Amino acid sequence: MTNLLTERLIRFRAVDGSGTIESIPGVYEALIADRVESFPALRPHQRHAWHAFLAQLAVLALTRAGRQEPPRLADEWRQLLRELTSGFPDDEPWRLIVSDSSRPAFLQCPAPGGLAAYKKLLAAPDDLDVLVTSKNHDLKSSVETDGKADDWVFSLVSLQTMGGYFGAGNHGIARMNGGYSSRPCLGLAPAEGGLGAHLAHDIRQMIEQRSKVLDWYEEYYSPEDGIGLVWIEPWDGTVSLKLTDLDPHFIEICRRVRLMRRGERIVARTATSKTRRIAAAEAKGDLGDHWTPVAIDGETKALSITGAGFRYDRLAKLVLDQDAFRLSPAMSTGSADDGPWRLVARGVAAGQGKTEGYHERADIVFAPRFARSLLRGGEERDTLDELARAQIGEIQEVILALRFGIAIAASGGKEASALGRTDRQRGVPYARRLEALADAHFFEALQARFGVAEDVRAAVRCHFARRLIRHGEALLREAISAVPCPAIQRYRAEARARSAFHWRLRRADSVFSDQPDIFETGPKEKSHDT
């Protein structure tokens, strides 16, 4: 039957370690109680798609029912979801498989003319949703040939709400900047809660901010009776929906797919389309999505993640540079909320023909005051941006010094003017290791500098710089013993490499020239890789 409202089809691991399987209403009950540790069938790149789907679905159901708070019991959730699809008393929009193609199925639009155009057969859920990777190396396809119901659920959610352009007739979603982009996630979650606390927080914030989204995008959405579940609308692949037809929290689909039985197994058949399901190309992904930052330093458009992912310098620009990005609504802490906040950043760095990897960060925790300052904007956020830029400059200074020292060692101790390209490239892997240390501690150090007296700020800066320098020294020692160098030149190379490293840091135009006490001898800290 595969009815997601009534059947236990979705596996999750509870916080007490037990394995459980539930319906969608049962999953909501467990999440609102913050009892869910993980979903075993959920692949890393599907995490945001599943979270966003559950949040949007909950907001649509609560808004239509005139409720502000999510219910706690599965039966209440079941009733709310059925009210969203009251025109389908047999729950077709919640069934994975519906034999009548003129009726919708879960995230599968009705096919008014039958399934003759659905010619491509997919035997595994990961064939339906697979990252486009070079030569099948990064993420294997066709490995879930015995996929369970929830494997198909997660693949459908990921494809239909996150999919990009994949060749002629395979159009991408509206909530991204172009077909070769992706739908990103940047938001805050309660640091002391789990998956359910994150979901409940986003649901409340989306309901609270709904009027603001409607005001900001008044030319786009219908404030009342807009389409929320796009998949229940018939689609023959030739007609697009207009944004004015939609609710601001609409759950979209971008492909024509139908699941069916083949013996005991589920398979999928797909069809191409002549047009996008939603006509929104001119918006360039700036549609008020709760989790999407918007670039504003030039053409306004949704964030596109690059191969750098969410490295410290990229994140600093995203959350602090008011002239470059408008924060996503999910970066809100809420008017009554307090406590530490965990930054959640997720997304695929998409490209033409392949991706540049899936990127995720959930290791950064913001203190309440720091989080509030981000949201207030103005002078406080400008101050944070200035401090972050200075800290990035300090990191780059040590990295350049390390690479310079290693290049001198690799050359056998030559003068800087005689260094070759190969010599300069020897330091790249060591610089990446140093940057990893800086990345792990960047926001911790930044928060320690914010809102304190100048002498405290100077002490924090000194501590952070010394840590970087000592780690750089350890990496330099390791590199000196490892890089190719003629034995007869090794002693000279080692001496000149160390000298070059320290000269680069202490020179008159170094970023550390205004605080020479950074180089004063003090108690040593243990260097380590992260």
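Residues numbered from 1 in each chain as written. Predicted model: local features only at pLDDT ≥ 70, side-chain atom pairs only at ≥ 80, totals over all residues. Heavy atoms only, no water.

(A) Representation of the confidence of the model for the chain in the model. Averaged over all residues, the pLDDT of the chain is 91; the fraction at 70 or higher stands at 93%. The model gives residues 132-140 a pLDDT under 50, and that stretch makes 16 contacts with residues more than four places away or in other chains. (pLDDT = per-residue confidence, 0-100. Contact = heavy atoms within 4.5 Å.)

(B) Region of interest: the sheet that holds strand β16 (residues 358-366). The sheet built from three strands is open, its strands ordered β5-β15-β16 with antiparallel pairing. The outermost strands of the open sheet, each flanked by one partner alone, are β5 (185-190) and β16. For this sheet, the mean inter-axis angle between neighbouring strands, taken without regard to orientation, is 20 degrees. Where β5 lies against strand β15 (residues 341-348), six bridges are found, and the strand directions are antiparallel. (Pairing = 2+ DSSP bridges. Helix = DSSP H or I, 4+ residues; strand = E, 2+ residues; numbered from the N terminus. Axes fitted to C-alpha atoms, helices over the stretch in contact; angles between N-to-C directions.)

(C) Fine view of the sheet that holds strand β12 (residues 294-295). In spatial order, the strands read β13-β12-β14; together these three strands make up an open sheet with antiparallel pairing. The strands lining the two open edges of the sheet, one partner per strand, are β13 (301-302) and β14 (325-326). Note: β12 against β13, two bridges, orientation antiparallel. Note that in β13 the partner of valine 294 across the bridge is alanine 302.

(D) Summary view of empty space enclosed by the protein. Taken as a whole and judged by the stated rule, the model has one cavity of 30 Å³ or more. As for the largest cavity, its lining consists of Gly172, Ile173, Ala174, Glu252, Ile253, Cys254, Arg276, Arg277 and Ile278. Grouping the amino acids of the lining of the largest cavity by side-chain chemistry returns five nonpolar, one polar and three charged. (1 Å grid on protein atoms, 1.4 Å probe; cavity = no way out; pocket = protein on both sides within 12 Å on 5 of 7 lines; lining within 4 Å. Points joined across faces, edges and corners; volume = space filled by probe spheres on them. Nonpolar A, V, L, I, M, F, W, Y, C, P; charged D, E, K, R; others polar.)

(E) Spatial organisation of the pairing of strand β10 (residues 265-271). In terms of burial, β10 is largely enclosed, as five of its seven residues are buried. Of the pairings in the sheet, the one linking strand β4 (residues 120-122) to β10 comprises three bridges and is antiparallel in character. Each residue of the ladder has a partner; that of lysine 120, found in β10, is threonine 270. Bridge analysis of strand β9 (residues 256-262) against β10 gives seven bridges, and the strand direction is antiparallel. When the sheet's bridge partners are listed, leucine 259 is paired in β10 with alanine 268. Joining the antiparallel neighbours β9 and β10 is a turn of two residues, in which glycine 263 adopts a positive phi near 70 degrees. (Buried < 20%, exposed > 50% of the residue type's maximum accessible area, 1.4 Å probe, protein only.)

(F) Region of the structure containing the packing of helix α10 (residues 378-410) against helix α12 (residues 428-449). Relative orientation of the contacting elements α10 and α12 amounts to 155 degrees, with a least axis distance of 10 Å. It follows from the interaxial angle that α10 and α12 lie roughly antiparallel. Pair α10 / α12 crosses with right-handed handedness. A per-class count over the contact of α10 with α12 returns 17 nonpolar, two polar and four charged. (Parallel < 35°, antiparallel > 145°, perpendicular 65-115°, else oblique. Left-handed = near helix turned anticlockwise from the far one by under 90°.)

(G) Structural detail: unusual backbone geometry. With phi around 55 degrees, aspartate 34 is a residue other than glycine that occupies positive phi space. The residue aspartate 34 is located in the loop between α1 (24-32) and β3 (36-38) in this model. The phi angle at leucine 107 is positive, at roughly 55 degrees, despite the residue not being glycine. Mapped onto the fold, leucine 107 is located in the loop between α3 (74-84) and β4.

(H) Broad picture of the environment of valine 483. Among the secondary structure elements, valine 483 is positioned in the loop between α13 (454-482) and α14 (490-506). Taking relative accessible area as the criterion, valine 483 reaches 5% and is therefore assigned buried. As a C-alpha pair, valine 483 and alanine 407 span 76 residues in sequence and 9.3 Å in three-dimensional space. Those residues in contact with valine 483, other than ones at most four positions away along the chain, are Ile406, Ala409, Ala410, Arg426 and Arg490.

(I) Geometry of the environment of arginine 210. Position of arginine 210 among the secondary structure elements: in helix α7 (residues 210-216). According to the relative accessible area criterion, arginine 210 is buried, its value standing at 10%. In this structure the C-alpha to C-alpha distance between arginine 210 and valine 59, which are 151 residues apart in sequence, comes to 9.5 Å. Sequence-distant contacts of arginine 210, that is, excluding residues within four places in its chain, are made with Thr63, Pro223, Asp247, Pro248 and His249.

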